[in-house]
Amino acid sequence: MIGAEDVGGVHVKYLYHCRRQLWLYARGIRPEHLSATVQLGEAVHETSYTRSSPIDLGAAQLDHLDGAAWVHEVKSSAKPSRADEAQAMHYCYRLHAIGIAAQGGVLHYPKTRRTKRLPYTPQAAEQAEADIAEVLEVVSATTSPPLLARSGCRGCSYTDYCWNE
């Protein structure tokens, strides 16, 4: 299975969105390429903020790190979610671990032309560390977590897999 150093931003995002999605993803079940929602997200990312380059941290790949050490993430949704925020703080945590003093995260929502700035605080660092431990706990379980209510699955690329009965 995966170790703490293997936990990336997608793992953290799925932890907050759906633990079953996280569990399946960690096992290599990846239907994202079939999802219109994921394809839209990729298109938004590719056409927004084209002057920035992704930063590869191994298990984590963030959209952009500016000269003031703020992590920038482009999101296809219309409004911030706790999953988006946790993912940005995870990237800050990973950067601090390699000696880059990330200031925080800036979430960009091109659909609504809004941004949200989140400072990286000691509390955010503690939560990012706790998130990694929780990801490891979820993915090491021998059985998948329960399904969310069907309404929570709208737009998820795993919907057909989870609800195929």
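The structure under discussion appears in the preceding block.
I will try to describe carefully the structure that is included in this document. Keep in mind the model is a prediction, meaning the values are calculated, not measured. (Residues numbered from 1 in each chain as written. Predicted model: local features only at pLDDT ≥ 70, side-chain atom pairs only at ≥ 80, totals over all residues. Heavy atoms only, no water.)

1. What about helix α4 (residues 82–97)?
Heads up, the condition is: To qualify as a helix, a DSSP run of H or I must reach at least 4 residues; to qualify as a strand, a run of E must reach at least 2; elements of each kind are numbered from the N terminus. One fewer than the residue count of a helix, multiplied by 1.5 Å, yields its expected span. To sort residues, take the accessible area from a 1.4 Å probe on protein chains only and compare it with the maximum for the residue type: under 20% means buried, over 50% means exposed, and anything in between is partly exposed.
For α4, built from 16 residues, the straight-helix expectation of 22 Å at 1.5 Å per residue is met to within 8% by its first-to-last C-alpha distance of 22 Å. The buried count for α4 comes to 13 of 16 residues, which makes it a mostly enclosed element. Two residues or fewer after α4 comes Gly-99, characterised by a positive phi angle close to 90°.

2. Notes on the environment of Cys-92
So the rule is basically this: Here, residues are in contact when the closest pair of their heavy atoms is within 4.5 Å.
With respect to the element layout, Cys-92 can be found in helix α4. Residue Cys-92 is classed as buried on the basis of its relative accessible area of 0%. C-alpha of Cys-92 to C-alpha of Tyr-120: the two residues are 28 residues apart in sequence and 6.9 Å apart in space. Other than its neighbours up to four places away in sequence, Cys-92 contacts Val-71, Ala-102, Gly-104, Gly-105 and Tyr-120.

Bear in mind that shape data such as this cannot, by itself, settle questions of function.
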